[in-house]
Amino acid sequence: MVPFTAFRGRQTTPDAGKIGRVTEIVVRWSEPLLADERHLKLLDEPERGRYDAYRLEIDRRRFLTGRVLAKTLVAERLGGTAESVRFDATCADCGKPHGRPRVPGANLVLSISHSGNLIGVAATDGVPVGLDVETANRKADASLVDYALSPPEREAVAGLSDDERAAAFFVYWTRKEAVMKATGKGLKIPLQSITFSRFDAPAELVASTDAALDPARTRLADLKATEGHRAAVAALTAEPLVVTEEHWLP
Ligand SMILES: CC(C)(COP(=O)(O)OP(=O)(O)OC[C@H]1O[C@@H](n2cnc3c(N)ncnc32)[C@H](O)[C@@H]1OP(=O)(O)O)[C@@H](O)C(=O)NCCC(=O)NCCS
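Here, residues in each chain are numbered from 1, in the same order as that chain's written sequence. The model is predicted, so local features are restricted to residues of pLDDT at least 70 and side-chain atom pairs to those at 80 or more, both for listing and for counting; the totals for chains, interfaces and linings are taken over all residues.

Within the largest apolar cluster, 59 residues are counted, with the highest numbers of intra-cluster contacts made by I25, V27, A122, V179, L220, A232 and V233. The way it works is that DSSP assigns letters per residue, a run of H or I at least four long becomes a helix, a run of E at least two long becomes a strand, and they are numbered from the N terminus. With 11 residues, helix α6 (residues 162-183) is the single largest residue contributor to this core. C-beta atoms are first placed from the backbone for all residues, and any pair lying within 7 Å is then listed as a contact. The residues contacting A122, other than those within four sequence positions of it, are I25, V27, L110, S111, V129, L131 and V233. In this description, a nonpolar core means buried residues of the types Ala, Val, Leu, Ile, Met, Phe, Trp, Tyr and Cys, linked to one another by C-beta atoms lying within 7 Å. With C-beta atoms placed from the backbone, a residue counts as buried when 20 or more other C-beta atoms lie within 10 Å of its own, as exposed when 12 or fewer do, and as partly exposed for counts between those limits.

This is the structure in structure tokens:
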């Protein structure tokens, strides 16, 4: 029995109505799961080491939840049990097991993100994918806006009230992290090197001065997630996206 319920309806990028191939992405969300034996037994040794190294219980539970979501999804797609799924999470920079998780030998590609009480995993076949979620109650002061947004994006948020500016800022921020995570480079890509469509328009990468991100081969979508969170998912593909969000029912 699959313990998920789908959102009513799926979202598509604006070009998904055209005839042709699409890239399907599933995003599964959960609140932090309990650290009980049912979940802990899914961690292998390096993962248990990472789990134990978190000082705060909530950080341990967020990490555990990401692994439970991801392993359950992999087992459903590829067969076998969630317990038997082994990830290679070798960091490309330092070799430690804290990079993005890959399933050796499989076409399935994953991205994990956690913030506040929401944890998500995005999965698709054969193309790099990136997911980012952030809590929606954060402020975006002028220095953060200047640091992260490109000139056209700064212009789009100028003149908004504090609350409206924070909401718009985190639309841009989650889009940026999603595309950067899809490349595997993460925040090593300069935040201001990329520009998105307006925060209140369908998500599109309109310009990039970084070689890792080509607007013609980058698609993304703003997600529903939950009331208290903003989120975006991106894939490095020229194909339109069809994105389904699902929630774990413990
Ligand atoms: C990846 C990164 C954007 C994470 O951002 P964040 O908002 O703090 O955290 P999120 O919850 O959204 O994402 C964390 C997840 O990203 C994934 N991840 C880690 N490195 C990644 C990378 N290079 N590319 C894509 N995803 C990555 C992991 O699955 C991680 O979750 P897990 O540790 O539970 O498996 C940020 O850590 C980064 O830019 N890392 C790469 C650059 C870097 O610092 N390298 C040096 C490390 S030695």
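For the rest of this paragraph, the subject is the environment of P14. Relative to the assigned elements, P14 resides in the loop between β2 (11-12) and β3 (23-30). Among the residues examined, P14 registers 15 C-beta atoms within 10 Å and is labelled partly exposed. Residues P14 and D141, spaced 127 residues apart in sequence, show a C-alpha to C-alpha distance of 31 Å.

In this section: the pairing of strand β6 (residues 129-135). Among the 7 residues in β6, 6 count as buried, and that is most of the element. As paired strands, β6 and strand β10 (residues 229-235) are joined by 7 bridges and run antiparallel to one another. Within β10, the residue paired with V129 across the bridge is A235. Only strands joined by at least two bridges in the DSSP assignment are considered to pair.

So, on to the sheet that holds β6. Read from one edge to the other, the open sheet built from 3 strands follows the order β6-β10-β9, with strand pairing classed as antiparallel. On the outer flanks of this sheet lie β6 and β9 (219-223), each paired with one strand and no other. Between one strand axis and the next, the sheet turns by 15° as a mean value, whatever way the strands run. Lines fitted to C-alpha atoms define the axes here, with helix axes fitted over just the stretch in contact, and angles between the N-to-C directions of these axes take values from 0 to 180 degrees.

So, on to the environment of I189. Here I189 shows up in the loop between α6 and β7 (194-196). Among the residues examined, I189 registers 21 C-beta atoms within 10 Å and is labelled buried. Along the chain, I189 and E245 lie 56 residues apart, while their C-alpha atoms are 27 Å from each other.

Another aspect to go through is the site of the ligand. Lining the immediate surroundings of the ligand are 20 residues, of which R100, I112, S113, G186 and L187 lie closest. Residue assignment for the shell around the ligand shows that the elements contributing at least two residues are α3 (57-78), β4 (108-115) and α6. At 4 residues, the largest contribution of residues to the shell around the ligand is made by β4. For this classification, Asp, Glu, Lys and Arg are treated as charged, while Ala, Val, Leu, Ile, Met, Phe, Trp, Tyr, Cys and Pro are nonpolar and the rest, including Gly, are polar. Considering only residue class, the shell around the ligand consists of 6 nonpolar, 8 polar and 6 charged. By convention here, the C-beta atom is placed from the backbone, and a residue is near a molecule or strand when that atom is within 6 Å of it.

Helices are assigned an expected span. That span is 1.5 Å times one less than the residue count. The end-to-end C-alpha separation of α3 is 31 Å, in line with the 32 Å expected for 22 residues at 1.5 Å each. G79, located one to two residues past α3, shows a positive phi value of around 90°.

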